[in-house]
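Notes for the structure review
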Amino acid sequence: MSPLLLSVLLSLVSAVAYAAAAIVQERVAASVDGRTYAPVRNPVWWGAVLLNGLGAALHVAALAYGPLSLVQPLGALTIVFALPMAALFVGRRAGRTAWRGAIMATVGLAGLLSLTGGAEAQSLGGTERWLLCAGTFAVVGTLFVGAHVVGRSVLRSVILAAAAGVSFGLASVFTKTVAVEWTPRAPLAQWTSLLVLSALAVTGLLLSQASYRGAGLAAPLATVTVVNPVVAAAVGLTLFGETFRYGAAGTVAALICGAVAAGGLIQLTTDRLTSSEDSLAVSDRDASRPQIGEGIDVGAVPGTRPHLEVEVRPRAVAGRS
């Protein structure tokens, strides 16, 4: 098997692992207390953690055999795999709007990443590293607070998913920095970057788990899938010297792809908001109807006679005791 084909295969299996982890996380979020961010007592949740770890390991392995311009767009297939897998294994089917939004987000992201050119391996300086770390946690903290200010549960979930995507994206940046500077002679020389990387990865995992509460699967997963590489690409363009291919034309094409991906996220969020409003309307309508076995006060209805209770006693039958 050629290295390029092996890279494609590893990327596809990684996307499937990430999709399975998202489905498990969404199911766990629907079954635990709404205030729980880390359901550590739920063994199913640890299965999702293992699946996420497997997806990350396969993604790194794919990068070892294939170029970044190929592996990163294939990672965007996570949302496309997740929808049919959820319908097959969980019985949760996505509507046309959700599918359209998922495909738009995936195509836009794949196009954006394919237009990002490479550069020589670089690392962040000490000052840049700490400024980026402080800025990242500030952005994630602001999104976290904003998510709890928003009243709509779906919007709250999307904002939390965006915060998770920022955390994962910057974790990828620090991963690249560690990979560039790591040497066998000093394996722990980058311990501070490893600590920041671990903190960002755990933060992203907990925020993504919280994002699935009350928002279903498609909208939070698509948000994380898009925000993560976009943030990493933005840092690569500004700090690592990476550029878009094909000059000005490539830059315009990248902007169009970004708009398509953003439109897909809006479609997914709108679809979930509409579904939530329809469910609420149905529940309100059902609550206004009398349930089976529920009494009705006839005397309170205009134009009707009050209900009279009639006591029926059995008649004595002659010749029987």
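About the thresholds
Residues numbered from 1 in each chain as written. Predicted model: local features only at pLDDT ≥ 70, side-chain atom pairs only at ≥ 80, totals over all residues. Heavy atoms only, no water. Helix = DSSP H or I, 4+ residues; strand = E, 2+ residues; numbered from the N terminus. Buried < 20%, exposed > 50% of the residue type's maximum accessible area, 1.4 Å probe, protein only. Contact = heavy atoms within 4.5 Å. Areas by Shrake-Rupley, 256 points an atom, 1.4 Å probe, with all protein chains shown as cover. Core = buried A, V, L, I, M, F, W, Y, C linked by side-chain atoms within 4.5 Å. Patch = residues over 30% accessible without salt bridge, like charges linked within 9 Å, V, L, I, M, F, W, Y side chains within 5 Å. Salt bridge = Lys/Arg side-chain N within 4 Å of Asp/Glu carboxyl O. pLDDT = per-residue confidence, 0-100. Polar contact = N/O pair within 3.5 Å; in protein donor to acceptor, adjacent residues only side chain to side chain. Phe/Tyr/Trp six-rings, centres within 6.5 Å; stacked < 30°, edge-to-face > 60°. Axes fitted to C-alpha atoms, helices over the stretch in contact; angles between N-to-C directions. Parallel < 35°, antiparallel > 145°, perpendicular 65-115°, else oblique. Left-handed = near helix turned anticlockwise from the far one by under 90°. Nonpolar A, V, L, I, M, F, W, Y, C, P; charged D, E, K, R; others polar.

1. Things to note about the overall build of the protein
A count of helical and extended segments in the protein gives ten helices and zero strands. For the protein, the α and β elements follow one another from N to C terminus as α-α-α-α-α-α-α-α-α-α. For the protein, buried positions account for 37% of its 321 residues. For the protein, restricting intrachain contacts to residue pairs at least 6 apart in sequence, the fraction spanning at least 24 positions comes to 82%. Of the roughly 17,800 Å² of accessible surface on the protein, a fraction of 66% belongs to carbon and sulfur atoms.

2. Considering the nonpolar core
Counting 27 residues, the largest nonpolar core has Tyr 212, Leu 217, Leu 221, Val 226 and Leu 268 as the members making the most contacts within it. Counting only elements with at least two residues in this core, the list comes to α1 (3–31), α4 (78–89), α5 (96–114), α9 (218–239) and α10 (247–288). Setting aside residues no more than four positions away along its own chain, Leu 268 makes contact with Ala 98, Gly 101, Ala 102, Ala 218, Ala 219 and Ala 222. Ranked by size, the runner-up nonpolar core spans 24 residues in total, among them Leu 132, Val 140, Ala 147 and Leu 160.

3. Description of a nonpolar patch on the surface
A grouping of Met 1, Leu 5, Leu 9 and Val 13 is seen on the molecular surface, where their side chains present a nonpolar patch of about 410 Å² in accessible area. Position of Leu 9 among the secondary structure elements: in helix α1. Leu 9 gets classed as partly exposed once you look at its relative accessible area, which sits at 41%.

4. A word on the confidence of the model for the protein
Averaged over every residue, the pLDDT of the protein is 75; residues scoring 70 or more account for 72%. Between residues 280–284, whose pLDDT stays under 50, and residues either more than four places distant or in other chains, the model counts zero contacts. This stretch, residues 306–311, has a pLDDT under 50; its non-local contacts, to residues over four places away or in other chains, come to one contact.

5. Some thoughts on the side chain of Arg 156
Along the chain, the position of Arg 156 falls in helix α7 (residues 153–181). From its side chain, Arg 156 meets the backbone oxygen of Arg 213 in a polar contact 3.3 Å long. Those residues in contact with Arg 156 that sit more than four places away from it in its chain are Ala 147, Val 150, Ala 210 and Arg 213.

6. So, the packing of aromatic side chains
Following the criterion strictly, the structure yields one aromatic pair and no others. The interplanar angle of 70° and the centroid separation of 5.0 Å between the aromatic rings of Trp 45 and Trp 46 together place this pair among those described as edge-to-face. The exposure class of Trp 45 is buried, given its relative accessible area of 4%. Judged by its relative accessible area of 41%, Trp 46 falls in the partly exposed class.

7. Digging into the environment of Leu 12
Positionally, Leu 12 belongs in helix α1. For the pair Leu 12 and Val 71, spaced 59 residues apart in sequence, the C-alpha to C-alpha distance is 9.1 Å. Residues contacting Leu 12, with those up to four places away along its chain left out, are Leu 74, Leu 77 and Phe 81.

8. Structural notes on the side chain of Thr 78
By the secondary structure assignment, Thr 78 is in helix α4. Note on Thr 78: relative accessible area 5%, which makes it buried. Setting aside anything within four residues of it in sequence, one finds Thr 78 in contact with Ala 15, Tyr 18, Ala 19, Leu 221 and Thr 225.

9. A closer look at the environment of Ala 163
When you line up the elements, Ala 163 lands in helix α7. Overall, the relative accessible area of 0% leaves Ala 163 in the buried class. Residues contacting Ala 163, with those up to four places away along its chain left out, are Val 140, Leu 143 and Leu 207.

10. Description of the packing of α5 against α9
In contact at an axis separation of 10 Å, α5 and α9 are set at 10° when each is read in the N-to-C sense. Compared by their axis directions, α5 and α9 come out roughly parallel. Judged by the twist between their axes, the crossing of α5 over α9 is left-handed. Across the interface between the two elements, Ala 105, Leu 109, Leu 112 and Leu 113 of α5 pack against Thr 225, Val 226, Pro 229 and Val 230 of α9. Of the residues assigned to the contact of α5 with α9, the class counts are seven nonpolar, one polar and no charged.

11. Here's the deal with the environment of Gly 53
By the element assignment, Gly 53 lies in helix α2 (residues 43–65). For Gly 53, a relative accessible area of 40% translates into the label partly exposed. With 32 residues separating them along the chain, Gly 53 and Ala 21 place their C-alpha atoms 9.4 Å apart.

12. Thoughts on the packing of α4 against α9
Closest axis-to-axis distance for the α4/α9 pair is 9 Å, and the angle between their directions is 160°. In terms of their interaxial angle, α4 and α9 are classed as roughly antiparallel. Handedness of the crossing formed by α4 with α9: right-handed. Of the residues in α9, those in contact with Thr 78, Ile 79, Ala 82 and Leu 83 of α4 are Ala 218, Leu 221, Ala 222 and Thr 225. Residues that form the contact of α4 with α9 fall into these classes: six nonpolar, two polar and no charged.

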